[in-house]
Amino acid sequence: MLGLARLNQGAGFYLVAWDGDEPVGHAHLALTDPPELQDVSVRPEHRRRGIASALTAAAEREARARGFDRLRLEVGVDAEAAQALYRRAGYVDAGLPPRRVEGTIVIRTGPIDVDDTLLAWEKRL
(Lines give C-alpha, C1' and ligand atoms only; values in the text may rest on other atoms or scores of the structure.)
Protein backbone atom coordinates (compact mmCIF):
# COMPACT_ATOMS: atom_id res chain seq x y z
CA MET A 1 0.00 0.00 0.00
CA LEU A 2 1.30 3.43 -0.94
CA GLY A 3 0.49 6.56 1.08
CA LEU A 4 -0.54 8.96 -1.66
CA ALA A 5 -0.60 11.95 0.67
CA ARG A 6 -1.12 14.60 -2.03
CA LEU A 7 -4.03 12.87 -3.76
CA ASN A 8 -6.74 15.40 -4.63
CA GLN A 9 -4.60 18.38 -3.55
CA GLY A 10 -4.64 20.86 -6.42
CA ALA A 11 -3.29 20.60 -9.93
CA GLY A 12 -1.00 17.63 -10.28
CA PHE A 13 -0.92 13.87 -10.40
CA TYR A 14 0.93 10.80 -9.17
CA LEU A 15 3.26 8.63 -11.18
CA VAL A 16 3.31 5.07 -9.81
CA ALA A 17 6.00 2.42 -10.27
CA TRP A 18 4.80 -1.16 -10.47
CA ASP A 19 6.37 -4.57 -9.99
CA GLY A 20 3.84 -6.76 -11.77
CA ASP A 21 0.53 -5.85 -10.18
CA GLU A 22 2.14 -4.46 -6.99
CA PRO A 23 2.73 -0.69 -6.59
CA VAL A 24 6.28 -0.20 -5.28
CA GLY A 25 6.87 3.55 -5.50
CA HIS A 26 5.38 6.88 -6.43
CA ALA A 27 6.14 10.53 -7.17
CA HIS A 28 3.80 13.51 -7.32
CA LEU A 29 4.15 16.10 -10.07
CA ALA A 30 2.56 19.38 -8.96
CA LEU A 31 1.64 21.46 -12.00
CA THR A 32 2.71 24.76 -10.49
CA ASP A 33 4.97 27.30 -12.21
CA PRO A 34 7.59 25.97 -12.20
CA PRO A 35 6.28 22.44 -11.68
CA GLU A 36 7.48 20.61 -8.57
CA LEU A 37 8.51 17.03 -8.03
CA GLN A 38 7.10 16.02 -4.64
CA ASP A 39 6.50 13.02 -2.43
CA VAL A 40 9.00 10.65 -4.09
CA SER A 41 8.85 7.39 -2.19
CA VAL A 42 9.85 3.79 -2.83
CA ARG A 43 8.89 0.91 -0.55
CA PRO A 44 11.95 -0.09 1.53
CA GLU A 45 12.23 -3.61 0.13
CA HIS A 46 12.40 -2.18 -3.43
CA ARG A 47 14.98 0.54 -2.88
CA ARG A 48 18.40 0.74 -4.59
CA ARG A 49 16.94 -0.63 -7.84
CA GLY A 50 16.64 2.63 -9.82
CA ILE A 51 12.93 3.11 -9.15
CA ALA A 52 13.26 6.64 -7.71
CA SER A 53 15.50 7.58 -10.65
CA ALA A 54 12.93 6.22 -13.10
CA LEU A 55 10.11 8.11 -11.37
CA THR A 56 12.16 11.31 -11.46
CA ALA A 57 12.88 10.86 -15.18
CA ALA A 58 9.19 10.19 -15.86
CA ALA A 59 8.22 13.39 -14.01
CA GLU A 60 10.75 15.31 -16.11
CA ARG A 61 9.24 13.91 -19.33
CA GLU A 62 5.73 14.78 -18.17
CA ALA A 63 6.73 18.35 -17.27
CA ARG A 64 8.55 18.82 -20.60
CA ALA A 65 5.54 17.41 -22.51
CA ARG A 66 3.39 20.11 -20.87
CA GLY A 67 5.69 22.85 -22.12
CA PHE A 68 7.75 23.50 -18.98
CA ASP A 69 11.48 24.16 -19.27
CA ARG A 70 12.47 23.30 -15.70
CA LEU A 71 11.44 21.14 -12.75
CA ARG A 72 11.92 22.09 -9.10
CA LEU A 73 12.00 19.97 -5.95
CA GLU A 74 12.76 20.32 -2.27
CA VAL A 75 15.09 17.92 -0.53
CA GLY A 76 15.91 17.59 3.18
CA VAL A 77 19.23 19.03 4.26
CA ASP A 78 20.12 15.67 5.87
CA ALA A 79 18.67 13.43 3.11
CA GLU A 80 22.03 12.39 1.68
CA ALA A 81 20.75 9.51 -0.46
CA ALA A 82 18.04 11.68 -2.04
CA GLN A 83 20.51 14.50 -2.64
CA ALA A 84 22.89 12.09 -4.35
CA LEU A 85 20.11 10.79 -6.59
CA TYR A 86 19.04 14.31 -7.62
CA ARG A 87 22.64 15.44 -8.20
CA ARG A 88 23.19 12.44 -10.50
CA ALA A 89 20.01 13.44 -12.36
CA GLY A 90 21.35 16.98 -12.92
CA TYR A 91 19.56 19.00 -10.24
CA VAL A 92 21.33 22.04 -8.80
CA ASP A 93 20.64 24.66 -6.13
CA ALA A 94 17.73 26.86 -7.27
CA GLY A 95 19.15 29.91 -5.50
CA LEU A 96 16.33 30.10 -2.95
CA PRO A 97 16.93 30.25 0.81
CA PRO A 98 16.49 26.99 2.78
CA ARG A 99 12.96 26.55 4.14
CA ARG A 100 12.45 25.42 7.74
CA VAL A 101 9.45 23.14 8.31
CA GLU A 102 8.41 22.06 11.79
CA GLY A 103 5.29 21.05 13.65
CA THR A 104 2.44 18.68 12.94
CA ILE A 105 0.87 18.64 9.51
CA VAL A 106 -2.22 16.72 8.50
CA ILE A 107 -2.14 14.86 5.22
CA ARG A 108 -4.54 12.36 3.68
CA THR A 109 -2.89 9.48 5.52
CA GLY A 110 -3.08 11.27 8.90
CA PRO A 111 -1.02 13.67 11.02
CA ILE A 112 2.77 13.56 10.93
CA ASP A 113 5.38 15.44 12.92
CA VAL A 114 7.84 17.35 10.77
CA ASP A 115 11.18 18.92 11.74
CA ASP A 116 13.36 19.55 8.70
CA THR A 117 15.16 22.14 6.65
CA LEU A 118 14.44 21.89 2.94
CA LEU A 119 16.72 22.90 0.08
CA ALA A 120 15.21 24.02 -3.24
CA TRP A 121 16.86 22.43 -6.28
CA GLU A 122 15.90 22.53 -9.94
CA LYS A 123 16.81 21.16 -13.32
CA ARG A 124 16.53 22.72 -16.75
CA LEU A 125 14.63 20.34 -19.01
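Just above sits the structure.
Residues numbered from 1 in each chain as written. Predicted model: local features only at pLDDT ≥ 70, side-chain atom pairs only at ≥ 80, totals over all residues. Heavy atoms only, no water.

Visitor: Report on the nonpolar core, specifying residues and quantitative values.
Guide: Judged by nonpolar contacts, the single largest core of 21 residues is most densely connected at L37, L71, L73, Y86 and W121. Residue assignment for this core shows that the elements contributing at least two residues are β1 (12-19), β2 (22-30), β3 (36-42), α1 (51-65), β4 (70-76), α2 (80-88) and β7 (110-124). The element best represented in this core is α1, accounting for six residues. What L71 contacts, discounting residues up to four positions off in sequence, is L29, P35, E36, L37, A59, E60, A63, Y91, W121, E122, K123 and L125. (Core = buried A, V, L, I, M, F, W, Y, C linked by side-chain atoms within 4.5 Å. Buried < 20%, exposed > 50% of the residue type's maximum accessible area, 1.4 Å probe, protein only. Helix = DSSP H or I, 4+ residues; strand = E, 2+ residues; numbered from the N terminus. Contact = heavy atoms within 4.5 Å.)

Visitor: Mind laying out the pairing of β2, listing which residues take part and the relevant values?
Guide: Of all the nine residues making up β2, seven are buried; the element is thus mostly covered by neighbouring parts of the structure. In the sheet, β1 pairs with β2 via eight bridges, with the strands oriented antiparallel. When the bridges of β2 are listed, A17 appears paired with G25. Between β1 and β2, which pair antiparallel one after the other, the connecting turn spans two residues, and G20 there sits at a positive phi close to 70°. Connecting β2 to the antiparallel partner β3 that follows it, the hairpin turn spans five residues. (Pairing = 2+ DSSP bridges.)

Visitor: Go over the environment of V106, please, and point to the residues and values.
Guide: Residue placement: V106 occurs in strand β6 (residues 99-107). Through-space distance from the C-alpha of V106 to that of G50 is 30 Å; in sequence the pair is 56 residues apart.

Visitor: Talk me through the pairing of β4; I want residue IDs and the actual numbers.
Guide: Counting buried positions along β4 gives five out of seven residues, so the element sits mostly inside the fold. Handedness of the β3-α1-β4 crossover: right-handed. Both β4 and β7 contribute to a ladder of seven bridges, which runs antiparallel. Residue pairing for β7: R70 is matched across the bridge by R124. (Right-handed = clockwise from strand over helix to strand, strands pointing away.)

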